[in-house]
Amino acid sequence: MTHLEMIQIKEAAALRAPVDLLIKNVRVVNTLTQEIHEANLGIKHGLIVSFDAKEGDVVVDGKGQYVAPLLIDCHMHIESTLLTPKKLSDFLSVRGVGTVAADPHEIANVAGTKGIQYILDCVEDLPLNIRVMLPSCVPSTQLENAGALLNSGDLKPFYDHPHVGGLAEVMDYFAVLNDDDMIQKIKDCLDHGKVVDGHGSILDEKGFDVFASLGIRNDHETVDQKGLHDRLRRGIYTFVREGTVTENLKELLPAITKDNYRRVCFCTDDKHPDHLMRDGGIDGVLRMAIREGMDPVMALTICTLNGYESYDIKDEGAVAPGFKANFFLFNDLNDIQANAVYKNGILIALDGKQLSESKPETPVPDSILNSINMAPFTKEDLQLHMEGHTHLNLLEVKAGNVITGLAVEAVDIMDDCFVASKPKDHAKLAVIERHHATGNIGLCGVKGFGMLTGAIATTVAHDSHNILVIGMNDDDMMLAVETLKDMKGGYVIVNQGEVIASVTLPIGGLITDEPLEAIVDNLNTLHTKVHAIMNHEDFNPLLMLSFVALLVIPDIKLSDLGLVDVYKGEFIKQQVTL
């Protein structure tokens, strides 16, 4: 801000000069005082300067509408939406969402620093402020192979970028305890005055002490009320997550009170395109909290002021003099839907439509468009040898939770190899390394998917995004993987030697530049076809499949190196005899 602009702001605030924009007759949802009051908002040089402006170069009658700050989603992965940053911005900005803290952890696991740079190039000059957090754990653990290995030296140069907000979810607790380079990553972030995000899914109270003491000041892995209190007591901003696979809001809502809510924020984490289009983003979480009984002013404070403060953003999160003129107008406190959206005092959206074209799509580097580099393999490589044993340690999935368990059961065997069984709900799961052609293939039996026949393969496999394939026979599994390779990534469903559905995600095997509506149509077809080979109705099997290789979420996961006990951080021998 120049000296002249400061003088002009002073004159407008003192009502000695007209404001640039006067929005009269509005009701301010004041997140600073937890009240609603009438105002005639005055905006000068993109800043709110008055509650009682008298004259403006442009005058808008608010007609008694409410006005609230633009919302912030405190933690999310753009890749989970399958959208480019531009298309996500187009969708969210018209809904009153001003900022998202995005962790490009997924594309970084595929493409390393090139993936991070691609996202940073994409977020320039968008109406949505995408605050990029640098991935802290690539790979997520040392028990798998990803497309890159990012150390502190790889990340440090990015901190000077204006769109970088800090270090993303520190999820490898064992690295925090034992790896000096992880400590260096945290130190580099704090030295640059940025924020370190946490990921405390396996932490006990001692672990929270370690994280808080190191300056890790937020966490989105809270699944129960005790966990919420454990974090809040240590001053950790607690991001209550309501996404597509993990839904924690209803469980945690009763524990959020007037005494503790100022360090509570909301986030979506992973939001799939169909749910995004149906419910919205963080705006949908806001509406859900109010429907579940939370006071609207408190809910708006959690979705605005709390979130901005958690990221040390001091001039957003409130509609008051001295704050940026980033706000939206709406009619109903019990069903908050943005009518008009302002950014820096400029009307950017009206009735759900952008008022100007956003920038074109950012070109994608060839290395990110051609990201599948897998070694040749045969059906023999998919054989899980029993070594004379009768039982297996099976990875077990359950509806509504990405926490997967261990089931020890007798399995069907042919030629001393595990075979799938429809009556026992046993299928074969494989993780195939696809970044460096190592030939690594992790195999296990899996229970709980309700597979009847066929196979499903995908490159969306958090966090390392190797190829995941689940099936009831090896031929269909082979065809699914080969088809996926030819598509350059996405989802493939095969049944009896025929590809019956697919969705192509050519950008790193994770993202497409198609419009949201087209993506949802393709996914709907995929979901319809998947029920021909599965009998599950109580969870999305495609999403569940994407999380069975996520080695930072308990209890049991599969990597390209084998079956992993997440709590112990070690591999499990699968074959047993009881």
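Residues numbered from 1 in each chain as written. Predicted model: local features only at pLDDT ≥ 70, side-chain atom pairs only at ≥ 80, totals over all residues. Heavy atoms only, no water.

Visitor: How would you explain helix α15 (residues 516-530) if you had to name every residue and give the values?
Guide: Residues lying three or four places apart along an α-helix face the same way, a consequence of the helix completing one turn every 3.6 residues. An ideal rise of 1.5 Å per residue puts 21 Å on 15 residues; α15 measures up with 21 Å between its terminal C-alpha atoms. Among all positions in α15, only Leu516, Ile519, Val520, Leu523, Leu526, His527 and Val530 are buried. Axial view of α15: buried residues confined to an arc of 120°, hence all on one face. Packed against the buried residues of α15 are α2 (85-93), α10 (273-279), β24 (455-458), β26 (490-495), β27 (498-504) and α16 (541-547). (Helix = DSSP H or I, 4+ residues; strand = E, 2+ residues; numbered from the N terminus. Expected span 1.5 Å × (residues − 1). Buried < 20%, exposed > 50% of the residue type's maximum accessible area, 1.4 Å probe, protein only. Arc of directions from axis to C-beta. Contact = heavy atoms within 4.5 Å.)

Visitor: Pulling in residues and values, what's your account of the pattern of salt bridges?
Guide: Enumeration according to the criterion identifies 26 salt bridges in this entry. Salt-bridge contacts for Lys86 lead to Asp90; the nearest nitrogen and oxygen are separated by 2.6 Å. Pair noted here: Lys86 and Asp90 are both in helix α2, with a separation of four residues, about one helical turn. Accessibility classification places Lys86 together with Asp90 in one group, the buried group. Across the pair Arg95 and Asp283 runs a salt bridge whose closest N-O atoms are separated by 2.9 Å. Residue Arg95 is located in the loop between α2 and β7 (97-102), and its partner Asp283 is located in helix α11 (residues 282-291); the two are separated by 188 residues in the primary sequence. Judged by its relative accessible area of 23%, Arg95 is partly exposed. You can call Asp283 buried: its relative accessible area is 2%. (Salt bridge = Lys/Arg side-chain N within 4 Å of Asp/Glu carboxyl O.)

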